[in-house]
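Summary of structural features
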Amino acid sequence: MNRKDSKWVVYLSPMKIVTQEEMRYLEKMTIEKTGLCARILMENAGRVCADLILENYPHYNRYLLFAGTGNNGGDGLVIARHLLCYGLKVHVYLMSDTKNNLTEDLYTNLQIYQNMQGSYEVLSSQVLGTLRFSPDEVIIDALTGTGFIAPARNLLKEVIETLSGRQGPLVAIDIPSGLSADKCDVPSPSLRASMTIALGYPKLCHVLFPAIQNCGSIYVSSISLDPQYNESIKRETLDPAQLSLPARRPQSHKYDYGHVLIIGGSKGMTGSIIMAAKSASESGAGLVSTLVPQEIHETISQQLVEQMTHSLSSSDGQFSPEASGELPQRIYAGRFSAIAAGPGMRVSSSAEALVDQLLRVNIPLILDADGLNNLVNLPDFQTRLRARTAVTILTPHLGEASRLLGLSVDAIRENTEGHARRFVEQTGAILILKSERTLIVCPDGHLFYAMSGNPGMATAGSGDVLAGLLAGLLARLSPVRAVCLAVYIHGHAGDLARNLLGENSLNALDIIDHIPQAIACIPRTHD
């Protein structure tokens, strides 16, 4: 078999993520401004998909391709032709072969396929009833593409239901049929692919859960879209290749690497502040201090050897009303570069007063956990956040985000990007929305999806580790750089721990233990 290697194919590595509308725009501008016609884009897509299919399934010699009536079906016909040219057995099932029902480019490629003696038949309920699948066959799904809006109906619904009963592998071209490009949900019926080849760019369904679970192994193939037109797209996967840490200078001292203050803790919740402090130290911060209720000060100090511990007035194991009055002096005496507040703090009027004081401080501030839960009780907290001169970073999980945004968790999931962007526009804060696919939203409109992390990290203390790690990086780096590094390192440390220990028994301390190894993977620069 003589064929070239697929030079245009990459795994789902960090890159722009596009919506249905953005993909249409990129194709339109490429066609109108560069002179490339749509048929060349289709040829590029089909050729690289055929090569990639053969690279992944080299020992199969029979391919059944199911083609729709749009351009995704046209991509499929190009794939079928290339497989045919490689001497393989190919049979195409078309939703229609009537010219008026097909796009012009699909019809042209169908004629070429026919001229090369390619076999096909038109799908119907009767044809579906005669289909028998073998585990030795590769099914290629070119039924629906970026423009499809779920749910599938009529004959398409029957086809998807029939293909769901296959035995062999299924390769989806661009999007598994039944899914919508811009949605994270999995409508019924939808195909579950063994492999998906995203054309041009990954779409939201290739990134978000649960839709991504229907995509199998995901690859992205270039189809020669002009990259100059993607600059307006500010949605990306978090790119470890673009992350870096400044190298430590030989002539430096601890204050060159920042002094972190972590505020929180309460009786029964001492572990939160301890884990946050330890992860801040592991991040490379020069100094780390904690500020905790007086009654738990001794407990905390016994657990923290490398970090300094300080206290504020307390009652019943929590910050007392007097604590907020003591806070300003503590802060201004400490030469702090960044503050993280909230881990283990609990919700109370005294903690609320502390958060109120922190909003007045001109130091980069991270609010996490009960820092957020107390924030939402402050009158007009959105305006207070926008009025801050130093950066504010909020790190809610979906439950905390529900309280911050005043929306149900289901409503947030339905339009995560839209709600998160509006909140950031209102507050000027950087938002790290923690979930199975953590999302970073920046005030300049950039969004980053974190591709690292795993279900084992859904454990108590994982968020405290992120808060401390972020504080340590924020103490010496620009805010967006610190946020992107912290989220990536946190997820990668969790993945390293998972690889060693498995997901079931992974805990927050395991994540801390693997932070140094995760940081070692980050390139150093001489800033």
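Look up: the structure comes first, before these words.
What comes next concerns the included structure.

Parameters and conventions
Residues numbered from 1 in each chain as written. Predicted model: local features only at pLDDT ≥ 70, side-chain atom pairs only at ≥ 80, totals over all residues. Heavy atoms only, no water. Phe/Tyr/Trp six-rings, centres within 6.5 Å; stacked < 30°, edge-to-face > 60°. Helix = DSSP H or I, 4+ residues; strand = E, 2+ residues; numbered from the N terminus. Buried < 20%, exposed > 50% of the residue type's maximum accessible area, 1.4 Å probe, protein only. Lys NZ or Arg CZ within 6 Å of the ring centre and 35° of its normal. Polar contact = N/O pair within 3.5 Å; in protein donor to acceptor, adjacent residues only side chain to side chain. Contact = heavy atoms within 4.5 Å. Pairing = 2+ DSSP bridges. Axes fitted to C-alpha atoms, helices over the stretch in contact; angles between N-to-C directions.

Attention now goes to the packing of aromatic side chains. If you walk through the whole model with that rule in mind, you get two aromatic pairs. Centre to centre, the rings of Tyr-57 and Tyr-60 are 5.8 Å apart; their planes meet at 80 degrees, and the pair counts as edge-to-face. Taken together, a centroid distance of 4.8 Å and an interplanar angle of 15 degrees make the contact between Phe-66 and Tyr-93 stacked. Of this pair, Phe-66 sits in strand S2 (residues 62–67) while Tyr-93 sits in strand S3 (residues 89–94), and the two are 27 residues apart along the sequence. Pair check on accessibility: Phe-66 and Tyr-93 agree, each one buried. Lying over the aromatic face of Tyr-257, Arg-248 brings its terminal NZ or CZ to 3.7 Å of the ring centre. Between Arg-335 and the ring centre of Tyr-255, over which it is positioned, the NZ or CZ distance is 4.0 Å.

This next bit is on the side chain of Arg-81. Summarising the element assignment, Arg-81 is placed in helix H3 (residues 71–85). Side chain to side chain, Arg-81 and Asn-109 meet in a polar contact 3.0 Å long. Setting aside residues no more than four positions away along its own chain, Arg-81 makes contact with Glu-43, Asn-109, Ile-112, Tyr-113 and Met-116.

We now examine the pairing of strand S8 (residues 217–221). Among the five residues that make up S8, four are buried, leaving the element largely enclosed by the rest of the structure. Where strand S7 (residues 195–199) and S8 come together, five bridges link them in parallel fashion. Within S8, the residue paired with Met-195 across the bridge is Ser-217.

Next up on the list: the sheet that holds strand S18 (residues 392–394). Reading across the sheet, the 10 strands line up as S9-S21-S20-S19-S18-S17-S16-S11-S12-S13 and stay open at both edges, with mixed pairing between neighbours. Strands with a single pairing partner mark the edges of an open sheet, and in this sheet they are strand S9 (235–237) and strand S13 (308–312). If you compare each strand with its neighbour and ignore which way they point, the axes differ by 20 degrees on average. Sheet topology note: the S18/strand S19 (residues 430–433) ladder contains two bridges and is parallel. The residue bridging Ile-393 from the neighbouring strand is Ile-430, located in S19.

All we've got here are geometric facts, nothing functional implied.
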